[in-house]
Amino acid sequence: MTLETPPPLPPVVLDHPLIQHKLTHLRRKETSTAGFRRLVRELSLLMCYEATRNLPLEPVEITTPLETMQGEQLAGPDVCFISILRAGNGLLDGMLDLVPFAPVGHIGLYRDPDSLEAVEYYLKLPTQIASRRCIVVDPMLATGHSAAAALTRLKEKGAKRLLFVCLLSTPEGIACLQKAHPDVPILTCSIDRGLDEHGYIRPGLGDAGDRLFSTR
Ligand SMILES: O=P(O)(O)OC[C@H]1O[C@H](OP(=O)(O)OP(=O)(O)O)[C@H](O)[C@@H]1O
Ligand SMILES: O=c1cc[nH]c(=O)[nH]1
Ligand SMILES: [Mg+2]
């Protein structure tokens, strides 16, 4: 690291009691597909509340039933969400409930089961990506390869202001992502113990995509 490169910010763990309560039920193996989907939607709504904490506001004059006043509104539609397919899509519904006007980009990545490297198969981004705040969502930060590859690709396309939001992370995944992208803050609901020999998060919640879409 050079003198000019500031050290990465420590990851922010979202320790709100509602988040931790819902996360515990999400992890349970007996949670049904319907329950899993409902919990991910609720969790993503709560995560979005935290992820949008620093969005800029601008003044706006409005009239209440009684008088005119100066209120505040979000300054311009500059935020967008980027979902890392496929499991990232599970986090979109709750986020879009709160920010329904936000454009959404998709990057398709799967983990090669042997090398655990990320393989890209799809990319479609909103216009003017360079001037937007990009909230990148994926439930799982395991080795960190998928998130790091997604952020690299977004930067290649011009994105400059990025934030990565996930449900579960590992110390290994955080280290990988911070090494590749020290400028990108990480928001997570939990830093789990680590990875097993197959690259799964332990204790984790299993395969997020399979549980969301009831595959396998
Ligand atoms: O940090 P990593 O080791 O890269 O692992 C995390 C990735 O693994 C999962 O996706 P997966 O490859 O299973 O694809 P899917 O979403 O289509 O199930 C998850 O949604 C992340 O994208
Ligand atoms: O534990 C893990 C690791 C990667 N992807 C998942 O869905 N789960
Ligand atoms: Mg998967």
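Residues numbered from 1 in each chain as written. Chains lettered and ligands numbered in written order. Predicted model: local features only at pLDDT ≥ 70, side-chain atom pairs only at ≥ 80, totals over all residues. Heavy atoms only, no water.

## Details of the site of ligand 2
No. 1: If you check the shell around ligand 2, you find R111, M140, A142, G199, Y200, I201, G206, D207 and A208 and nothing else.
No. 2: At 2.8 Å, a backbone N or O of I201 approaches an oxygen atom of ligand 2.
No. 3: When the free accessible area of ligand 2 is taken as 240 Å², the share hidden by the protein chains comes to 89%.
No. 4: Its residues placed into classes, the shell around ligand 2 shows five nonpolar, two polar and two charged. (Near = heavy atom within 4 Å. Polar contact = N/O pair within 3.5 Å; in protein donor to acceptor, adjacent residues only side chain to side chain. Areas by Shrake-Rupley, 256 points an atom, 1.4 Å probe, with all protein chains shown as cover. Nonpolar A, V, L, I, M, F, W, Y, C, P; charged D, E, K, R; others polar.)

## Quick notes on the state of the cysteines
No. 1: As enumerated under the stated definition, the model contains zero disulfides in all.
No. 2: Here C166 stays unpaired: no disulfide links it, and the sulfur of C189, its closest cysteine neighbor, is 7.5 Å away.
No. 3: Accessibility expressed as a relative area gives 0% for C166, which makes it buried.
No. 4: Residue C189 is classed as buried on the basis of its relative accessible area of 1%. (Disulfide = S-S within 2.5 Å. Buried < 20%, exposed > 50% of the residue type's maximum accessible area, 1.4 Å probe, protein only.)

## Let's talk about helix α4 (residues 145-156)
No. 1: With twelve residues, α4 extends 16 Å from end C-alpha to end C-alpha; this agrees with the ideal 16 Å at 1.5 Å per step.
No. 2: Listing the buried residues of α4 in full gives S146, A147, A148, A150, L151 and L154.
No. 3: In the stretch just after α4, G158 is the one whose phi turns positive, near 110°. (Helix = DSSP H or I, 4+ residues; strand = E, 2+ residues; numbered from the N terminus. Expected span 1.5 Å × (residues − 1).)

## Here's the deal with the packing of aromatic side chains
No. 1: Under the defined criterion, the tally for this structure stands at one aromatic pair.
No. 2: A cation over a ring is seen here: R111 above Y200, with NZ or CZ 5.7 Å from the ring centre. (Phe/Tyr/Trp six-rings, centres within 6.5 Å; stacked < 30°, edge-to-face > 60°. Lys NZ or Arg CZ within 6 Å of the ring centre and 35° of its normal.)

## Things to note about the pairing of strand β4 (residues 79-85)
No. 1: With respect to burial, β4 is a largely interior element, seven of its seven residues being buried.
No. 2: With burial as the criterion, each face of β4 is covered, one bearing V79, F81, S83 and L85 and the other bearing C80, I82 and I84.
No. 3: Relative to strand β7 (residues 133-137), β4 is paired through five bridges, and the arrangement is parallel. Residue pairing in the sheet places V79 in a bridge with R133 of β7.
No. 4: Note that β4 and strand β5 (residues 104-111) share five bridges and pair parallel. Of the residues in β5, the one forming a bridge with S83 is H106. (Pairing = 2+ DSSP bridges.)

## Let's talk about the site of ligand 1
No. 1: Near ligand 1 lie 15 residues; those nearest to it are R111, D138, T143, G144 and S146.
No. 2: Here an oxygen atom of ligand 1 and a backbone polar atom of A87 are 3.0 Å apart.
No. 3: Notes on ligand 1: free accessible area 500 Å², of which the protein chains cover 90%.
No. 4: If you list the elements that add at least two residues to the shell around ligand 1, you get β5, β8 (140-141) and α4.
No. 5: Taken together, the residues that form the shell around ligand 1 break down as six nonpolar, five polar and four charged.

## Regarding the UniProt feature "binding site: 5-phospho-alpha-D-ribose 1-diphosphate" (unreviewed entry) in the protein chain
No. 1: Per the UniProt entry, the sites bearing "binding site: 5-phospho-alpha-D-ribose 1-diphosphate" (unreviewed entry) are R86, R111, D138, P139, M140, L141, A142, T143, G144, H145, S146 and D207 in this numbering.
No. 2: Looking at the element boundaries, R86 is found in the loop between β4 and α3 (92-98).
No. 3: The class of R86 is partly exposed, set by a relative accessible area of 35%.
No. 4: Look past the residues within four positions of R86 in its chain and what remains in contact with it is Y121, D207, G209, D210, F213 and T215.
No. 5: As for its position among the elements, A142 is in the loop between β8 and α4.
No. 6: When near neighbours in sequence (up to four residues on either side) are disregarded, A142 contacts R111, T170, E172, G173, L195, G199 and I201. (UniProt positions renumbered as here; feature names shortened; annotations may be inferred. Contact = heavy atoms within 4.5 Å.)

## Description of the packing of α4 against helix α5 (residues 171-180)
No. 1: The contact between α4 and α5 brings their axes to 8 Å, and the two run at 20°. In terms of their interaxial angle, α4 and α5 are classed as roughly parallel. Classified by chirality, the crossing of α5 by α4 is right-handed. For the pair α4 and α5, contact is made by H145, A147, A148 and L151 and by C176, L177 and A180, respectively. (Axes fitted to C-alpha atoms, helices over the stretch in contact; angles between N-to-C directions. Parallel < 35°, antiparallel > 145°, perpendicular 65-115°, else oblique. Left-handed = near helix turned anticlockwise from the far one by under 90°.)

## Structural notes on unusual backbone geometry
No. 1: Of note, the bond from L85 into R86 is cis; its omega dihedral lies within 30 degrees of zero at 0°.
No. 2: That bond from R202 to P203 is cis: its omega, 0°, falls within 30 degrees of zero.
No. 3: Mapped onto the elements of the fold, P203 is located in the loop between β12 (201-202) and α6 (208-213).
No. 4: Even without being a glycine, Q128 presents a positive backbone phi close to 55°.
No. 5: Summarising the element assignment, Q128 is placed in the loop between β6 (118-124) and β7.

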